[in-house]
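Take a look at the letters that make up each chain.
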Amino acid sequence: MPHANLFLRTIPPLLVVALVGLPVFVAVVTGLTAGDGATWDHILQNRLVPYTLTTLSVLLMTAIMILGLAVPAAWMITQYDFPGRGIFSWAMILPLAMPGYVMAYSWADLMGVAGPLQSWIRDVSGLSARDYWFPNLFSSVGLAFVLASTLFPYVYITARAAFAMQSRTSIEAARSLGARPIDLFWRVALPVALPTILGGLCLALMEAAADYGAADFLGIQTLGVGIIRSWQSFGEPNTAARLALALILIAGAFLIAARLFQGQRGTQQTSSRWQSQERSKLSPLTGIGVTALCSIILLICFAVPVLRLIWLALENRVSAADLGPLLRATLLLGAMGAAMAFLSAIIFSLSSKRSATLQLATRIIAAAGYAAPGAVLGLGALFIIRETGQALYGSVAIGFLVWIYVSRFTSAGVEPIQASLARLPKNLDLAAQSLGSTGLKQFLRVDLPLIAPGAFAAGLILFVEILKELPATLMLRPFGWDTLAVRAHAYATDERLAQATLPSLLIVLAGLAPVLLLSWRLGQTERT
Amino acid sequence: MSTREPLIAEKVSRTFAGNIAVNAVDLDLEPGKITSLIGHSGSGKTTLLRLFAGMERPDSGRILSGAAELSGPTKHVPIEKRKIGLVFQDFALFPHLSVRENVSFGLQHLKSDDRKQCAEQWIERLGLTHRIGAYPHQLSGGEQQRTAIARALAPEPVAILMDEPFSGLDPAMRDQVRDAALEAVRSAGIPSLLVTHDAKEAMVHSDKVAIIDRGKIVQSGTPGMLYKNPVSEIAAKALGPVHRVKRANLPEDWQKLISARADLVAYRPEALQVSAGTGYRVVRNRLAGAVSEIELEGAGDEPLFAVCQLGSSVQTGDDVSVTINPSLFFDFAG
Amino acid sequence: MINKIKTLTGLSLLIGAVAACSNPTASTSDEATADPQKVLTIYSSRHYDSDKALYAMFEEETGARLDVREAGASQLLETMKAEGDQSPADVVIAADAGSLWRFKDAGLTQPLESEALEAAVPESYRAADSQWYGVARRIRGIAYDPNRWDAASLSTWDTLAQADKAGEICVRSSSNIYNLSLMGELIHRYGEESAQNWATAVVENMARNPQGGDTDQIRAIAAGECSIAIVNHYYWVRLGASESEADQQVAANTSFLIPEFVEGSGSHVNITGVAMTKTADDTELVEQFVAFLLTENGQFYITRDTKELPLLSTTPLPEGVDRLPTFAPSDTHLDVYGENQADAQRLFDLAGWN
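Given the structure is predicted, the values throughout are model-derived calculations rather than measurements.

## Details of the overall build of chain B
Moving on, step 1. Scanning chain B from N- to C-terminus turns up 10 helices and 17 strands.
Moving on, step 2. For chain B, buried positions account for 44% of its 334 residues.
Moving on, step 3. Residue pairs at least 24 apart in sequence account for 65% of intrachain contacts in chain B once pairs closer than 6 positions are excluded.

## Details of the overall build of chain C
Moving on, step 1. Within chain C, the secondary structure is distributed over 13 helices and 10 strands.
Moving on, step 2. Within chain C, the proportion of its 354 residues that are buried is 53%.
Moving on, step 3. Here the analysis covers contacts within chain C between residues at least 6 apart in sequence; of these, 80% occur between residues at least 24 apart.

## A word on the packing of helix H4 (residues 97-105) of chain C against helix H6 (residues 177-204) of chain C
All names here are of chain C.
Moving on, step 1. Running from amino to carboxyl end, H4 crosses H6 at an angle of 85°, the nearest separation of the two axes being 9 Å. Judged by the inter-axis angle, H4 sits roughly perpendicular to H6. Counting all contacts with H4, which are made through Ala97, Gly98 and Ser99, the residues of H6 involved are Ile177, Leu180, Ser181 and Gly184.
Moving on, step 2. Grouping the constituent residues of the contact of H4 with H6 by class yields three nonpolar, four polar and no charged.

## What about the domain arrangement of chain C?
Residue and element names in this part refer to chain C.
Moving on, step 1. Under the domain assignment, chain C is made up of domain 1 (2-137 + 271-319) and domain 2 (138-267 + 329-351).
Moving on, step 2. Opposite the 18 residues of domain 1 that make contact, domain 2 presents 18 residues.
Moving on, step 3. Taken together, the elements giving at least two residues each to the side of domain 1 that touches domain 2 come down to H4, strand E5 (132-144) and strand E9 (269-277).
Moving on, step 4. When residues in the side of domain 1 that touches domain 2 are grouped by element, the largest group, seven residues, is from H4.
Moving on, step 5. Classifying every residue of the side of domain 1 that touches domain 2 gives six nonpolar, five polar and seven charged.

## A few points about the sheet that holds strand E13 (residues 272-288) of chain B
The strands that make up a sheet are held in pairs by hydrogen bonds between backbone atoms, and each pair lies either parallel or antiparallel.
Residue and element names in this part refer to chain B.
Moving on, step 1. Read across the sheet, four strands follow the order E15-E14-E13-E16 without closing on themselves; strand pairing throughout is antiparallel. Strands at the two margins of the open sheet, each flanked by one partner only, are strand E15 (304-309) and strand E16 (319-324). Along the sheet, successive strands turn relative to each other by an average axial angle of 55°, direction set aside.

## Description of the packing of helix H15 (residues 374-387) of chain A against helix H16 (residues 394-423) of chain A
All names here are of chain A.
Moving on, step 1. At their nearest, the axes of H15 and H16 sit 10 Å apart, and the two run at 135° to each other. Considering their axes alone, H15 and H16 lie oblique with respect to each other. Crossing of H15 against H16: the hand is right-handed. When H15 is examined against H16, the residues Gly374, Leu377, Gly378, Ala381 and Ile385 are found in contact with a partner set consisting of Phe400, Trp403, Ile404, Ser407 and Arg408.
Moving on, step 2. In the contact of H15 with H16, the residues fall into six nonpolar, three polar and one charged.

## Section: the environment of Ala222(C)
Moving on, step 1. Positionally, Ala222(C) belongs in helix H7 (residues 214-223).
Moving on, step 2. Using a count of 22 C-beta atoms within 10 Å as the deciding quantity, one classes Ala222(C) as buried.
Moving on, step 3. Sequence-wise, Ala222(C) and Ser50(C) are 172 residues apart; in three dimensions their C-alpha atoms are separated by 28 Å.
Moving on, step 4. Those residues in contact with Ala222(C) that sit more than four places away from it in its chain are Ala114(A), Val250(C), Asn253(C) and Thr254(C).

## Section: the sheet that holds strand E1 (residues 7-16) of chain B
Residue and element names in this part refer to chain B.
Moving on, step 1. Pairing within the open sheet is antiparallel, and its four strands lie in the order E2-E1-E4-E5. The open sheet has two edge strands with one neighbour each: strand E2 (19-29) and strand E5 (68-71). Recorded for the sheet is a direction-independent mean angle of 30° between the axes of neighbouring strands.
Moving on, step 2. Bridge count for E1 against E2 is seven bridges, and the pairing is antiparallel. In the strand pairing of E2, Arg14 is matched with Val22.
Moving on, step 3. In this fold helix H1 (residues 45-53) packs onto E1, E2 and strand E4 (60-65), with an angle of close to 120° to the strand it touches most, E1.

## Description of the environment of Pro73(B)
Residue and element names in this part refer to chain B.
Moving on, step 1. Relative to the elements of secondary structure, Pro73 occurs in the loop between E5 and helix H2 (79-82).
Moving on, step 2. Residue Pro73 is classed as exposed on the basis of its 11 C-beta neighbours within 10 Å.
Moving on, step 3. Through-space distance from the C-alpha of Pro73 to that of Arg286 is 54 Å; in sequence the pair is 213 residues apart.

## Overview of the pairing of E9(C)
Two faces belong to every sheet, and in a regular strand the side chains alternate between them.
Residues and elements named next belong to chain C.
Moving on, step 1. Counted residue by residue, E9 has nine buried out of nine residues, so it is predominantly covered.
Moving on, step 2. Of the strand pairs in this sheet, strand E3 (residues 91-94) and E9 are connected by four bridges, and their pairing is antiparallel. Following the sheet pairing, Val91 is matched in E9 by Met276.
Moving on, step 3. Pairing geometry for E5 and E9, over seven bridges, is antiparallel. If you follow Arg137 over to E9, its bridge partner there is Ile271.

## Let's talk about the interface of chain C and chain A
Moving on, step 1. Contacts between chain C and chain A engage 58 residues on the former and 55 residues on the latter.
Moving on, step 2. Only helix H1 (2-20), strand E2 (65-70), helix H3 (73-83), H7 and helix H13 (341-351) of chain C provide two or more residues apiece to the side of chain C that touches chain A.
Moving on, step 3. Looking at which element gives the most residues to the side of chain C that touches chain A, the answer is H1(C), with nine residues.
Moving on, step 4. Class assignment for the residues of the side of chain C that touches chain A results in 21 nonpolar, 24 polar and 13 charged.

## A short note on H1(B)
Moving on, step 1. Along H1(B), nine of the nine residues are buried, which leaves the element largely enclosed by surrounding structure.
Moving on, step 2. Among the residues of H1(B), Lys45(B), Thr46(B), Thr47(B), Leu48(B), Leu49(B), Arg50(B), Leu51(B), Phe52(B) and Ala53(B) are the ones counted as buried.

## A short note on the nonpolar core
Moving on, step 1. Val155(A), Met206(A), Ala371(A) and Ala372(A) are the most contacted members of the largest nonpolar core, which totals 330 residues.
Moving on, step 2. Excluding its chain neighbours within four sequence positions, the residues that come into contact with Met206(A) are Ala251(A), Phe254(A), Ala367(A), Tyr370(A) and Ala371(A).
Moving on, step 3. Of all hydrophobic cores here, the second largest spans 51 residues; its members include Ile187(C), Ile218(C), Ala223(C) and Trp236(C).

## Thoughts on the environment of Val113(A)
Moving on, step 1. Positionally, Val113(A) belongs in the loop between helix H4 (100-111) and helix H5 (116-125).
Moving on, step 2. Sequence separation of Val113(A) and Val225(A) is 112 residues, and the distance between their C-alpha atoms is 24 Å.

## Here's the deal with the confidence of the model for chain C
Residue and element names in this part refer to chain C.
Moving on, step 1. Averaged over every residue, the pLDDT of chain C is 86; residues scoring 70 or more account for 90%.
Moving on, step 2. Scored below 50 in pLDDT, residues 19-34 makes 25 contacts in the model with residues more than four places away or belonging to other chains.
Moving on, step 3. Quick note on the complex model: pTM equals 0.79, ipTM equals 0.83.

## A look at unusual backbone geometry
Residue and element names in this part refer to chain B.
Moving on, step 1. The residue Lys11 is not glycine, and still its phi comes out positive at about 45°.
Moving on, step 2. Along the chain, the position of Lys11 falls in strand E1.
Moving on, step 3. The residue Ala92 is not glycine, and still its phi comes out positive at about 55°.
Moving on, step 4. Mapped onto the elements, Ala92 comes out in the loop between strand E6 (84-87) and helix H3 (99-104).

Criteria and cut-off values
- Residues numbered from 1 in each chain as written.
- Chains lettered and ligands numbered in written order.
- Predicted model: local features only at pLDDT ≥ 70, side-chain atom pairs only at ≥ 80, totals over all residues.
- Helix = DSSP H or I, 4+ residues; strand = E, 2+ residues; numbered from the N terminus.
- Buried ≥ 20, exposed ≤ 12 C-beta atoms within 10 Å, placed from the backbone.
- Contact = placed C-beta atoms within 7 Å.
- Axes fitted to C-alpha atoms, helices over the stretch in contact; angles between N-to-C directions.
- Parallel < 35°, antiparallel > 145°, perpendicular 65-115°, else oblique.
- Nonpolar A, V, L, I, M, F, W, Y, C, P; charged D, E, K, R; others polar.
- Domains from an automatic or database assignment.
- Pairing = 2+ DSSP bridges.
- Left-handed = near helix turned anticlockwise from the far one by under 90°.
- Core = buried A, V, L, I, M, F, W, Y, C linked by C-beta atoms within 7 Å.
- pLDDT = per-residue confidence, 0-100.

In structure tokens, the structure reads:
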């Protein structure tokens, strides 16, 4: 009987893994096996290296900015008391609700040569546009900034969790040995938290690598842009699929690096019983400085762009006429996609508990889906649709779209769930098994309730991500299922940013609720 | 070189959310001596340690190092400036650093060579040289605690405070680790505080014992003194078992011997010595390691309790005679 | 907690199942008068609010229902390829001749033979084999600062390659279909080498890296960052017709002209067009629809908000469009744009035109 059991237990997970990986696989295989065009030679010779270098440099700058935004803030908020700390503790996650392309539209409008900032400079100084220097958002640095400002909350959450897990006694021991606040951060907390933080960073960077909307809008020639360009301008989806390989390779490299980091040092604290942090006070001056820093971060990464959009909407008297159906479609697709992706992530996490190889394999497959641009996954779906003779209509289209969401976003769900699982004491599994509960039952009765906060967080992240998704939704949605993202993109790319403001703001609003819930949840787990 | 100053708590109080955790406590920690602070959980012993360490600020009273004020109404020196070593029950080692690196942590002010030498010395003194490159998760509990102590002592602190440092260890190895650790502590010649709930640990290893109950120091003195002359039942119970009996239930000759005059007296079980004879019957005999706890029935209404050595052949149902050691009978006012 | 998750999951799946079977959009029409109701499925790369009025009008007139899917042309193309024979699309509307050509090239369209339509639409604005018909015109031209340049110095496209234009030109990314189509005609007229040289020279004359859309380029002129921009006419017209005073100011401070290739050659003209798909069921209804687009009402609504030029010269021009200078179309057939599109992108890439 054990063999039959094993069979039964491995098949469903394998099926799910296969489903998640299929669209990427199809897109990649099609890309590899379809014929070369004259285009491919051109791309290979003249564009592949520049695309790749640009992508890597943008990713590097994004990584630095993300770490700079997320880690000090997470540390301050975990360790110290300062004015407004309570608010910042949840507010820091707000930028997660903003898609990168919306951030790009808003800041481009603000910083553009015809925008309010530069106009004010010209009015006040009498200079003409070519006489003064002003930071240019339409640059690699600008793109990195836009991506970092919407993605840093991932790393903020991870860093908060990591810092909150420290033993209080470790910190007190360090202080008794003369460690100043900066030492506590650099020499004690950060080294221990680093592997976890880098894991979160990888997630964020994979997301950044797959971006198309912001890079295209800002005119930066990344691999993502190149992929769409070879599809649109050259009319060769096969070439697009090949370029996607390069992106998936980069993402895979990130993932492997993260695993290596996490394997190195034990992140387990030596204490079996640890107490949660008591926050220390800061001197009034330092306290105000930290408050100012956090305020600036939030202003730049959330308040200002949102307010600008609201202002544009009001100034242009944009009508809210047919937003209802858009909102409904967006929320329904988000809920369905999140539920299925969550289930998929659970199954991935479950099956990866069996062996380390299986774990690595599932993570790679999930990561490949996450790293592949939505457009390429959509392509994969279209290839499959063609081969199986379907029509992109009604529930078939929805089914495929939800499938693509699962393929793309399972990874986003797996990371937090597996991180939570990893934090559980190892004896728990054995204790449960000794009491007769194994496999799925064990997971449902023992693991899941314990990792519920992490699992809940995963579900919420999935929902927000799907809400913001653009390319795959553009390609696969059936009639009547335009989402807010689709509409915002349509207007913005047609230079009607004013009309794009309302759908964009609604995306942010709809994404706020889960983000705030997530933040509240995190606050709860911290207090236990 | 640090001068060996005592660490003094002068009428310190600390209240949390309306509950008085530490109530006007005076306690001197003398250099070169190990002072145990013993009490049950919630008695305030950990809070007092935290006040000494600078992790808490007293609501009133002062903490001094010799004549220098560390905490007071106008002043509070933060932990990182106090140079007081801390050792915790959960070891609190830095998981990302090796033994050597952990011990070197507080030695950043030294030059690289001196740092290396100092760390190695202390590691050797605690018997950890063969583990110098290992990481905390690779060490046993005893090795971790010895590392923690080496780490605390290496920077030559002005005092060392230990919060139940040995309770997390295997009982089998506890004695060995404790001996090595406390020897190193003693040799440093600084005031040392050992917070514990283990009476035996306090008695065997410390030079001075302070008993704390509900935020107040009930009694302090040498182990011997406290054992033989507890001022209250709480003080007595802190250091060993104590039994109550009505004076009237004791034989006349005993009543004449003991100095206690109250109707209800307390005594330590070792006050009763059991030998072959008659007068009392052994009702129960429980083996408790090195000694047996014996319940006796005699002329009086209440049972009496004694301990006897393992070697003796006293069995349940035997008749024995009992003599007393009057100095171990107490009478507590109030 | 576990129960909550189970409930939530179950609920979402239930919602999803119910939703998949229903259509949450408000239908653009009431109950049809005809029985059974005819449905025309449109795949359109346009997304203008005025199109909604257009469709509503057609629905009212004919009693048919219009199902409209709006997406970028490439996405529509890929979708239709994937849908194959099962595709519900009857009509494709695309905002550039180059796009229409790609649909034709992929075998997704079929000829719509109609004497009436062929009579209504001039030859230069429809495919030779009637696979697509133009329904509105759009011109790519040059917006400029009149204080800096006069119309004569920008009268042809190669003036942009001249050295005196250094640091003066703003233009959007080369991947945009409008630029690709223009380049398509340049390749057709001058050959690849000259076209690439032109592109290289223009890149050297650019004031900044290509960024933003056409409107951003015009605004950049008003802000002083450059003095010449390559833009479609209607963006300039829309600024002038905007409710925002700032926009009106921008339009007032710039001028617009329509260059030729050489004197007398005529200008680069593009169209918004429609094509009948291979999978169209009701060809009569499609013809009805196309014909409707070419009526005065249809032409009015197509161009009202977009500010394109109506196809039919008899139709009154939308407000603001009358400010455009006169022009004559060049004799290059519009299918050329699509044929040369891949080469156009390649040459742009080689010229460094991002």
